[in-house]
Amino acid sequence: MKIKGIIFDLDGVLVHTDKYHYLAWKEMADKEDIYFNEEINHLLRGVSRLESLNIILRNAKKTYTEEQKLELVNFKNKIYREYLSKMTKNDVSSDVLKTLNELKQRNFKLAVGSSSKNATFIIEKVDLSNYFDVVIDGNNILNSKPHPEVFLKASEKLGLKPHECIVIEDAYSGVEAALNGGFISVGINQAKNHEQVHYKIDSINEIANVISLINNELLI
Ligand code: B16
Ligand code: MG
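Residues numbered from 1 in each chain as written. Chains lettered and ligands numbered in written order. Predicted model: local features only at pLDDT ≥ 70, side-chain atom pairs only at ≥ 80, totals over all residues. Heavy atoms only, no water.

A. Structural context of the coordination of the magnesium ion (ligand 2). In this structure, Asp9 (OD), Asp11 (O) and Asp170 (OD) serve as the protein donors to the magnesium ion (ligand 2), at separations of 2.0 to 2.1 Å. Written as a sequence motif, the donor arrangement for the magnesium ion (ligand 2) is D-x1-D-x158-D. One end of the pair, Asp11, is in the loop between β1 (5–8) and α1 (18–32); the other, Asp170, is in the loop between β4 (165–169) and α8 (172–181), with 159 residues separating them in the sequence. The buried category is assigned to Asp11, whose relative accessible area is 13%. Of the residues examined, Asp170 reaches a relative accessible area of 1% and is grouped as buried. (Donors = N, O, S within 2.8 Å, 3.2 Å for Na, K, Ca; no water. Helix = DSSP H or I, 4+ residues; strand = E, 2+ residues; numbered from the N terminus. Buried < 20%, exposed > 50% of the residue type's maximum accessible area, 1.4 Å probe, protein only.)

In structure tokens:
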């Protein structure tokens, strides 16, 4: 079976919105006098907004009601969206553009599989909409990564089986989700630390090579 589709994570893979998540959560944490640093921020990669808050609140000095939690996530999201609203196509690296163009030219089906409810907004701001056949995001799923729902929905909408797709992830939880769904996983940055990730890459440029490698291997 050959690889026919590529499902990209958004935050931390296609765009570096992870720095804005950090800044917005940091502002919320400082306001509440909760200890938060970049190390803790790594734990939030791929995890839903509310689950992210619950991770941050492990360091809180008091307990929060569900209503107060909602206020905190709304506070964070407002700051986060202010950063997002300033994004342009210049926030997409030349490596990402080159890779997407090459994969499109080679007729691979491309999808985004993101936990973010802001995914469509981001993709439009950075002018990447035309590259993707399918976008599945936090608004389309009930279970966030490490549950495989986001990737299973993406592959289904692409008309492909999980084993015909590779998933590119920067998050430990994202690699878990890919493995749980029966996908071939490719880890970049933090996701390279996952013990079971199938392929580790240092740059998105390497995706085409990984695909050639898999397709040749599967031919044997
Ligand atoms: P939002 P991804 C994820 O995006 C982020 O990595 C994660 O840090 C964030 O909490 C989650 O989206 C929800 O984002 O607050 O915008 O709905 O990596 O799955 O593309
Ligand atoms: Mg990510």
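B. Local environment of the packing of α1 against helix α4 (residues 66–85). Running from N to C, α1 and α4 cross one another at 140°; their axes reach a closest spacing of 9 Å. Considering the angle they form, α1 stands oblique to α4. Crossing of α1 against α4: the hand is right-handed. Residue-level contacts link Tyr20, His21, Leu23, Ala24, Trp25, Glu27, Met28, Lys31 and Glu32 of α1 to Leu72, Val73, Phe75, Lys76, Ile79, Tyr80, Tyr83 and Leu84 of α4. Per-class residue counts for the contact of α1 with α4 are 12 nonpolar, one polar and four charged. (Axes fitted to C-alpha atoms, helices over the stretch in contact; angles between N-to-C directions. Parallel < 35°, antiparallel > 145°, perpendicular 65-115°, else oblique. Left-handed = near helix turned anticlockwise from the far one by under 90°. Contact = heavy atoms within 4.5 Å. Nonpolar A, V, L, I, M, F, W, Y, C, P; charged D, E, K, R; others polar.)

C. Fine view of the sheet that holds β1. Here we have six strands laid out as an open sheet, ordered β3-β2-β1-β4-β5-β6, and parallel in their pairing. The outermost strands of the open sheet, each flanked by one partner alone, are β3 (134–136) and β6 (199–201). Neighbouring strand axes in the sheet, compared pairwise and without regard to direction, differ in orientation by 20° on average. Summarising the sheet, strand β5 (residues 184–188) and β6 pair through three bridges and their orientation is parallel. When the sheet's bridge partners are listed, Val186 is paired in β6 with Tyr199. (Pairing = 2+ DSSP bridges.)

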